[in-house]
Amino acid sequence: MGRHDGKGILLTGAAGGIGRETALRLADEGARLWLLDRDAEPLEALAAEIGQQGCFMACDVSDPASVAAAHEAGRGRLGRIDGAVLNAGIEGPIKRIGEFSIEEFDQVIAVNLRGVMLGLMDLMPRMKAQGGGAIVLLASVAGLRGAAGLSPYVASKHAVIGLTRSAAQEGAADGVRVVAVAPGPIDTRMMASLDHGRAPGQAASVRAQVESRIPMGRYGEAAEVARLIAWLTSDEASYITGSVHQIDGGMLA
């Protein structure tokens with residue numbers, strides 16, 4: 001038997017690197033999945049790979065109507081949502097303050113922070129009513145330190161950590177656990193975009209420099225993050241809430 005047999009789990013940003021690996025891991029552990037992302041095409045391919053345990057719907061996590069419709073449809077498919085992984089996020093502009101527009105800043109906040117808040121606003125009251133649930137928010141090591149040239153992203157991830165701690169305090173008495181995962185550099189499309197943005201045409205050199213500052217000497221794999229998320233959403237983590245779980249190869253040690 002799997003750790004998640006029979007559980008219904010909602011996953012945003014499901015088609016991306018960490019999202020996709022998380023979906024595959026949770027499915028392997030027996031979960032029934034409601035997969036959300038902005039574009040339906042990659043979701044359809046992922047659901048086909050997972051099989052009957054995976055259903056999907058396109059969703060803009062920054063839009064209240066889209067979130068409400070997607071969550072309601074998910075409850076219709078799953079019966080109830082026992083767990084959620086609010087993973088959708090964008091890196092935004094790789095520019096210094098004064099170089100990016102306020103519209104670019106707003107877009108990052110809309111997806112990375114507003115999207116998380118909209119998810120929590122729907123999920124927490126319903127989980128309270130059903131007797132509990134587990135919610136994992138995707139933060140970042142960028143939510144624990146600064147990073148020149150990435151202030152919109154950094155601000156959004158600091159805020160996600162603040163939301164984690166506040167939501168955990170609000171949900172604890174009702175059996176609703178809320179935790180954050182803070183990945184370091186992970187070998188995904190987003191990280192490749194960040195490496196390129198820091199020095200166009202020299203991404204390999206940027207990566208080598210970053211890896212030299214990681215005690216384990218490498219970027220993490222999305223599957224490694226997925227394993228952590230799968231554990232945190234399981235009953236094995238039943239006394240864990242309000243915490244931020246770094247997975248960064250020792251980068252911030």
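Right above here is the structure, for reference.
Residues numbered from 1 in each chain as written. Predicted model: local features only at pLDDT ≥ 70, side-chain atom pairs only at ≥ 80, totals over all residues. Heavy atoms only, no water.

## Notes on the pairing of strand S4 (residues 83-86)
Taking every second residue as pointing to the same face, both faces of S4 are buried, with Gly83 and Val85 on one and Ala84 and Leu86 on the other. Pairing of S4 with strand S5 (residues 133-138), which is carried by four bridges, proceeds in the parallel orientation. Across the sheet, Gly83 pairs through a bridge with Ala134, a residue of S5. Regarding topology, helix H4 (residues 102-130) serves as the crossover connection from S4 to the parallel S5, and that connection is right-handed. (Buried < 20%, exposed > 50% of the residue type's maximum accessible area, 1.4 Å probe, protein only. Helix = DSSP H or I, 4+ residues; strand = E, 2+ residues; numbered from the N terminus. Pairing = 2+ DSSP bridges. Right-handed = clockwise from strand over helix to strand, strands pointing away.)

## Points about the pattern of salt bridges
Scanning the entire structure with this criterion turns up 16 salt bridges. With a shortest N-O distance of 3.0 Å, Arg25 and Glu29 are connected by a salt bridge. Note on Arg25: relative accessible area 30%, which makes it partly exposed. You can call Glu29 buried: its relative accessible area is 7%. Residues Asp122 and Arg75 are paired through a salt bridge, measuring 3.0 Å at the closest nitrogen-oxygen approach. Of this pair, Asp122 sits in helix H4 while Arg75 sits in helix H3 (residues 64-78); the two residues are 47 residues apart in sequence, bridging distant segments of the chain. Linked by salt bridges that have partners in common, Arg3, Arg25, Glu29 and Glu236 make up one network. (Salt bridge = Lys/Arg side-chain N within 4 Å of Asp/Glu carboxyl O.)

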